[in-house]
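This is what each chain is made of:
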Amino acid sequence: MKTYMLDKVLDTGTTYTAESDKAYIIRKVGTTSTSKATLEVAGADCLEILDEIARTHPTTYYLYDLLDLGDYYVVVPPDKKFGFTGSSGSKMRIVGEILELAPGEALPSPYMGRYAEQAKKYMSYLRGTYSHGTDTAWTANDENNILSKTAEAGTKYHIVGPVYASLANLASVHSPGDWTLRFYLQGAPWDILSTSMGDLGVDLWKCYWNDGTNYYYKPFKPTNLPPEIEPGRSFVVSMINSSGASKSPASGTSLTATVTIGTVVELL
């Protein structure tokens, strides 16, 4: 078996076919799709991403790169068809290895094992938005839910990140410590309980900030979030105005919060 570098860009809506002696091992991905981009191999969905958490390359204002799939990499065996669907005209960049097999050589068993699993346990995301109301100020210490998810029967969600979050239409500059994200599992905060230890939640500055003119986004990987959302259990992400003062939107707009969190979906 020979191994080559894989770094290719796919077009949405196009069907590709692996050569009879070659397999793709896709370890990192990015997309330009602004809506869900779904990668399909041999007719089965095995990846769901969007540009908020997986870019094809860093840009001036989006300071992050491809999403590393880790243990949830995607395998395209020889002769299998694959492709992705996403927003119109979008692209998906795939990075990893090309395996060239000798005549009669089979794909190594770890890769065949992952291939058998990848439609049942794959990278995806949860996303939520909250709009506070046109010309309505967000008062100090006010907390509002951005994302709320209850795991369906037969489905488990693993919270692995990255976490992308933003707050649009602020009339003033976003400063460190002004806004925080708070995570709840089954109604219990994954956090301190009293402000005597500091602000509640995680500083929004970790994944969104601006210099007074330009906005920059850089998702972070959680290390201490709830590892799993079991069927029937709930997961909530809220945003708090931790600045100590009321914050207003730009005239004629609404303060709008967005959060997108990388997850692993496991079909039980």
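Note that the structure is predicted; figures quoted are calculated from it, not measured. Position numbers for residues count from 1 along each chain, tracking the sequence in the order it is written. Thresholds applied to this predicted model are a pLDDT of at least 70 for local features of residues and 80 or more for the giving and counting of side-chain atom pairs; totals over whole chains, interfaces and linings are not thresholded and use all residues. Excluded from the side-chain calculations are hydrogens and water; all other atoms, namely the structure's heavy atoms, are used.

A.B. asks: Mind laying out the sheet that holds strand E4 (residues 37-41), listing which residues take part and the relevant values?
C.D. replies: Paired strands are those between which DSSP finds at least two bridges. Numbering of helices and strands starts at the N terminus; helices are DSSP runs of H or I of at least 4 residues and strands are runs of E of at least 2. Strand order in this open sheet of four strands is E2-E8-E4-E5, and the pairing throughout is antiparallel. Each having just a single partner strand, strand E2 (16-17) and strand E5 (44-49) make up the two edges of the open sheet. Inspection of the sheet shows E4 paired to E5 by five bridges, in the antiparallel sense. Looking across to E5, one finds that Ala37 is bridged to Ile49.

A.B. asks: Can you break down the side chain of His174 residue by residue, with the values?
C.D. replies: Mapped onto the secondary structure, His174 falls in the loop between strand E12 (155-168) and strand E13 (179-185). Partly exposed residues are those whose accessible area sits between 20% and 50% of the maximum for their type, while under 20% is buried and over 50% is exposed, using a 1.4 Å probe and protein chains only. Here His174 falls in the buried class, since its relative accessible area comes to 0%. Residue contacts are defined here by distance: any two heavy atoms, one from each residue, within 4.5 Å place the two residues in contact. Excluding its chain neighbours within four sequence positions, the residues that come into contact with His174 are Trp179, Leu204, Trp205, Tyr208, Trp209 and Asn210.

A.B. asks: Go over the sheet that holds strand E10 (residues 121-134) with me, naming the residues and quoting the values.
C.D. replies: With antiparallel pairing, three strands are arranged side by side in an open sheet as E10-E19-E12. If you trace the sheet from one side to the other, it starts and ends with E10 and E12, each paired once. Strand after strand, the sheet turns through a mean of 20° between neighbouring axes, direction not considered. As paired elements, E12 and strand E19 (residues 254-267) share 11 bridges and run antiparallel to each other. By the bridge assignment for E19, Tyr157 is matched with Val265. A fitted line through C-alpha atoms serves as each axis, taken over the contacting stretch for helices, and the angle formed by two N-to-C directions is quoted from 0 to 180°.

A.B. asks: Tell me about the pairing of E13, and please be specific about residues and values.
C.D. replies: Burial of E13 is extensive: seven of the seven residues sit out of reach of the surface. Neither face of E13 is left uncovered, since the one carrying Trp179, Leu181, Phe183 and Leu185 and the one carrying Thr180, Arg182 and Tyr184 both have all their residues buried. Pairing analysis gives seven bridges linking E13 to strand E18 (residues 234-241), with the strands arranged antiparallel. From the neighbouring strand, Trp179 faces E18, where its bridge partner is Asn241. Here E13 pairs with strand E15 (residues 202-203) via two bridges, running antiparallel. Paired with Leu181 across the bridge in E15 is Val202.

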